[in-house]
Structure formats: C-alpha cells, structure tokens
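# Chains, contacts and geometry: an overview
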Amino acid sequence: MTDQIILNADLRERTGSNKARVIRNIDGMVPAIIYGDEKETLNIKLKLNELTKASQNELFYTQVLLIKTGDNEEKVVLKELQKDPAKGKFLHADFQRVSSKTKLKVVIPVNFINEDECVGIREDGGVAAKAIREIEIMCLAGNIPESIDIDIEALHLGDSIRLTEISLPEGSEIPGLTEETDQMVVSINEPRAIEEDPVIEETDLEDGEIAEGEETAPDSSESEGEDAKPTEEETKDELKLFRNYINLYRKLGFKDNIKEWENQVEEIVEIRRQWYDI
C-alpha cells in the first residue's frame, strides 16, 4: 500500500451558496463536508493547492483518505467532487466517514501482469484483447486494493479469463455477479490478417511498344512547335485579314491611328516573311 493521502482542512461556520462563493473567491479555498458513521456532519474548507495536488493522484478516488481539522482526524473516502464545467475550478467536495468495518463500493483498475511472458503471445503469436480495464467491487474500507492483478502468463491461444475466475482480495466481492452477468475480462486471440495491395507484375516490353490499355502522351515539343508557328496557308490568310482591316478603317474615317496600325501590320508581315517566302 502506498502512503496515505492527507488533506488539511479548517472548520467553516458559513454555509449556503453565497458563503461558499466567498470561500472560493475570497479565501481561495474549497468548501466541503464530512458525513456518515452516525456522527454529526462537519462543514469544512480545504486548501485549493492541496486538493488540486491530491486530485492528480488516481488513488485519491479509490483509497481511504485522512482529513485533519486541528487535532481531529477523519478517515474518509471521496463521494463527490464538483467542478465548474466551463472553468474546471473545484466547487465543492463530499467525503464519507469510514471505519475498518465499513463496506464500500469502489472502482478498482485492472492490472494485467506477465503479458510479455504469455505463452499464447510469445509462442503462438497471439494478441491480448483486454475487454475490461476497471472493476467495481464491494470491500472493507480498510482493505481497498490499489489494483486487481490478473496474471495471463499461462494463457494459450484461444484461452480467456472471465470475471467469475478472478481472485479478489479477502472480504471483497463483485456486486451482482452471476453466471448471467459474467463478462470476458481478457482473451488471447489470433492477430487480425492485414490485407495487402495486389502486386502488379511488370512485363518486359520492346523499345517503342505500349502496354495494352495505356495511352502515350503527345510529344510536347511537337505540339509546342505547332502552337508557336502557324502554317503557310494560315499566315497568308492572316496577312490578308490585316490588310482588309486597314482598308475598312480608312473607309470608316479612322485616320488618326491608321499610320500606327500600318506600321504594326508591316512588322508582323516582316516576321511572317522570315518564316515563309511569301
């Protein structure tokens, strides 16, 4: 058993929602109560830093805690821890008194041991399928286990362990467990087959041959050349069109830019003549 978690608390006289808000915002503490064991309920307030640190320990939620208020000590278990859903700040805590004879329902984590030495994994190549990670048990407050250890070393491929086969600490039981409610805890199964992508076999082709169903890309250099240089016939048509535009602009009276247009046409004509002897 690890060291017991201890919380220091102060008694509080102020109760109610408004008073609790003052304790949280002004005092920087968290209001809480201790009840049960046929004793008077205690209204206390806990130091925020101590409660925060304790809450980060998983045993805080399953083990017997010790709360000190001056010279008084109370053995308790956490029953409820309220948080602000938006800010995550602690709002209130409820603790129940316990004695060594008090029976409690607690949720205990399951610890699978000797997994690396499991016969079904080491020799048969199986994998451990863990169906349950924690178990609710009924036990004495003074005998709460930190975990329930399940040894799987001797399991072969296809073997399993169910709730009814688990060894619990003395005085502990799983509430409501029957043959009808029994569940699988762990089993050793064959690994799932991984489907591989089909391998496409490549056949040797002679130079220049094309596999059936494939298309060749057009020759980029050839297509670029065709786009960059018009044919002789296209060039003749283009020059004729230019001259017709010039004559049309003259008839329509556009005289200001005629000379500039004629010069541009002559430049184009000269370039075309270099391509073709026109």
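Here's a quick rundown of the structure. (Residues numbered from 1 in each chain as written. Predicted model: local features only at pLDDT ≥ 70, side-chain atom pairs only at ≥ 80, totals over all residues. Heavy atoms only, no water.)

The full count for this structure, using the stated rule, is 1 aromatic pair. Taking 5.2 Å as the distance between ring centres and 85° as the angle between the ring planes, the aromatic pair formed by Phe-60 and Tyr-61 counts as edge-to-face. Residue Phe-60 is classed as buried on the basis of its relative accessible area, which comes to 0%. The exposure class assigned to Tyr-61 is partly exposed, which follows from its relative accessible area of 42%. (Phe/Tyr/Trp six-rings, centres within 6.5 Å; stacked < 30°, edge-to-face > 60°. Buried < 20%, exposed > 50% of the residue type's maximum accessible area, 1.4 Å probe, protein only.)

Turning next to the pattern of salt bridges. Counted according to the given criterion, the structure contains 6 salt bridges. With a closest N to O distance of 3.5 Å, Asp-27 and Lys-45 form a salt bridge. Highlighted residues: Asp-27 in the loop between helix 1 (17-25) and strand 2 (29-36) and Lys-45 in strand 3 (residues 39-47), separated in sequence by 18 residues. With a relative accessible area of 31%, Asp-27 lands in the partly exposed category. Residue Lys-45 is classed as buried on the basis of its relative accessible area, which comes to 14%. Put simply, Arg-122 and Glu-117 hold a salt bridge, and the shortest N to O gap is 3.9 Å. Assessed through its relative accessible area of 40%, Glu-117 is described here as partly exposed. Among the charged side chains, a salt-bridge network with shared partners connects Glu-117, Arg-122 and Glu-123. (Salt bridge = Lys/Arg side-chain N within 4 Å of Asp/Glu carboxyl O. Helix = DSSP H or I, 4+ residues; strand = E, 2+ residues; numbered from the N terminus.)

In this section: the nonpolar core. Residues Ile-135, Ile-137, Ile-150, Ile-152 and Ile-166 are the most contacted members of the largest nonpolar core, which totals 26 residues. Elements with a minimum of two residues in this core: strand 7 (103-113), strand 9 (134-140), strand 10 (148-151) and strand 12 (184-189). Take this core: its biggest share by element is 5 residues, from strand 7. Setting aside residues up to four positions removed in sequence, Ile-152 forms contacts with Phe-112, Ile-113, Asn-114, Glu-115, Cys-118, Ala-128, Ile-161 and Val-186. Val-30, Ile-44, Leu-46 and Leu-51 belong to the second-largest nonpolar core, a separate cluster that totals 19 residues. (Core = buried A, V, L, I, M, F, W, Y, C linked by side-chain atoms within 4.5 Å. Contact = heavy atoms within 4.5 Å.)

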